[in-house]
Amino acid sequence: MRAIVLDEQAVYQDSRPEPVPKPGEVLVRVLQAGVCETDLQLIKGYMGFRGVLGHEFVGVAESGPLEGRRVVGEINCACQTCDTCKAGLQTHCPNRTVLGILNHDGAFADHIAVPQVNLHAVPDSISTDVAVFTEPVAAAYQIPAQLPIARTDRIIVLGDGRLGNLCAQVLAGLSDHVIVVGKHPEKLALLQARGIATALVTDAIGERMADIVVECTGSETGLPTALKLVRPRGTIVLKTTVAGTQTLAWAPFVIDEITLVGSRCGPFDQALKALAEGRVNVAPLISDRFDLSDGAKALEHARTKPVLKVLLDVARASS
Ligand SMILES: [Zn+2]
Ligand SMILES: [Zn+2]
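Residues numbered from 1 in each chain as written. Chains lettered and ligands numbered in written order. Predicted model: local features only at pLDDT ≥ 70, side-chain atom pairs only at ≥ 80, totals over all residues. Heavy atoms only, no water.

**Q** Break down the coordination of the zinc ion (ligand 2) for me, with residues and values.
**A** Metal coordination angles have textbook ideals: 109.5 degrees for a tetrahedral set of four donors and 90 or 180 degrees for an octahedral set of six. Around the zinc ion (ligand 2), the protein contributes the donor atoms Cys79 (SG), Cys82 (SG), Cys85 (SG) and Cys93 (SG), at 2.3 Å from the metal centre. Coordination geometry of the zinc ion (ligand 2): the four donor atoms subtend angles of 103 to 120° at the metal centre, consistent with an arrangement described as tetrahedral. Motif for the zinc ion (ligand 2), donor spacing along one chain: C-x2-C-x2-C-x7-C. Residue Cys82 is found in the loop between strand 7 (76-77) and helix 2 (83-86), and its partner Cys93 is found in the loop between helix 2 and strand 8 (97-98); the two are separated by eleven residues along the sequence. Here Cys82 falls in the buried class, since its relative accessible area comes to 14%. The exposure class assigned to Cys93 is buried, which follows from its relative accessible area of 0%. (Donors = N, O, S within 2.8 Å, 3.2 Å for Na, K, Ca; no water. Tetrahedral: all angles 85-135°; square planar, octahedral: opposite > 155°, others 65-115°. Helix = DSSP H or I, 4+ residues; strand = E, 2+ residues; numbered from the N terminus. Buried < 20%, exposed > 50% of the residue type's maximum accessible area, 1.4 Å probe, protein only.)

The following block contains the structure:
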């Protein structure tokens, strides 16, 4: 099959062996995949991953109860038998693999093997272009899943990229005081069009005022900036994963009694519902699309250009 494989660098291969589904897994024929910041970090060495990249995808299940239907898939493949899994914390299973991120080939390919329990049918009302955003929208919904959000909470989202945009849209449905701080006027304009307040990083922003700061910059400078903006006893939600080791003076966390919440994968059912109801608008985020065979070019494009979402078209639903 065709695939974009990370081995030293990301390269296109046209004769990668098809994945062999393990017990409980089904083969999914990939229709479309999305390039994520995590893919770019993996190429830089994050997680030391080798294999087929890609964890944001829509495909057609080729077997199992959802056979023939369009599906999206949760990315953590848990053992379902350890104490962590039995406690309901499958996304933290110590034995897990993660699609396209950890010991499991991903979705930048004609086929991907996915545990049946990870699959969710895509309602017919959601186009494939929109459904491909389910995984990052779910990641945004993980914030209210971890943290009660009040209408009066003053929330700053740092970063106007893919994830910052989605987090801001989700949080703006819960709080009346969301502001996105970014570097790119054209990306901030997309949020303004949704009625969400924005500011440029160069603007004067009240320090130590925000109840919650959500860090989505994808940059190591994000957390120190968040620390300046959060109020004493406030909360910083860290969404960014950065390759390598960062340093930070952590005394302010103690002095100001700041809560730091790491936040990762979220609920797919809520994301699909929000997409079906149009509560999160993702179409304007699609910057470019490439054929799977141009996947290496697509990754380079996503890395070097000020784009939002880059999609990989893999196949058509009916072919
Ligand atoms: Zn991702
Ligand atoms: Zn487990």
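There is more to say after this.
**Q** I'd love a proper account of the pairing of strand 1 (residues 3-7), names of residues and values included.
**A** Looking down a regular strand, the side chains alternate between one sheet face and the other. Burial of strand 1 is extensive: four of the five residues sit out of reach of the surface. In this structure, strand 1 lies alongside strand 2 (residues 9-13), joined through five bridges in antiparallel fashion. Bridging across to strand 2, Ala3 finds its partner in Gln13. Here strand 1 folds back onto strand 2 in antiparallel fashion, the turn holding one residue, of which Glu8 has a positive phi close to 70°. Relative to strand 4 (residues 51-52), strand 1 is paired through two bridges, and the arrangement is antiparallel. In the strand pairing of strand 4, Val5 is matched with Val52. (Pairing = 2+ DSSP bridges.)

**Q** So, the packing of helix 4 (residues 134-146) against helix 9 (residues 268-276): which residues are in play, and what are the values?
**A** Running from amino to carboxyl end, helix 4 crosses helix 9 at an angle of 110°, the nearest separation of the two axes being 8 Å. Our classification of the angle between helix 4 and helix 9 gives roughly perpendicular. For the crossing formed where helix 4 meets helix 9, the hand is right-handed. Contacts between helix 4 and helix 9 involve Thr134, Glu135, Val137, Ala138 and Tyr141 from the first element and Phe268, Gln270, Ala271, Leu272, Ala274 and Leu275 from the second. (Axes fitted to C-alpha atoms, helices over the stretch in contact; angles between N-to-C directions. Parallel < 35°, antiparallel > 145°, perpendicular 65-115°, else oblique. Left-handed = near helix turned anticlockwise from the far one by under 90°. Contact = heavy atoms within 4.5 Å.)

**Q** Describe the coordination of the zinc ion (ligand 1), listing the residues and the values that go with them.
**A** The zinc ion (ligand 1) binds to the protein through Cys36 (SG), His55 (NE2) and Glu56 (OE); the donor distances cover 2.1 to 2.7 Å. Counting the intervening residues between successive donors of the zinc ion (ligand 1) yields the motif C-x18-H-E. Here Glu56 lies in strand 5 (residues 56-61) and Cys36 lies in the loop between strand 3 (25-34) and helix 1 (37-43), a separation of 20 residues in the sequence. Judged on exposure class, the residue Cys36 and its partner Glu56 are both buried.

The values are spatial; any link to function lies outside them.
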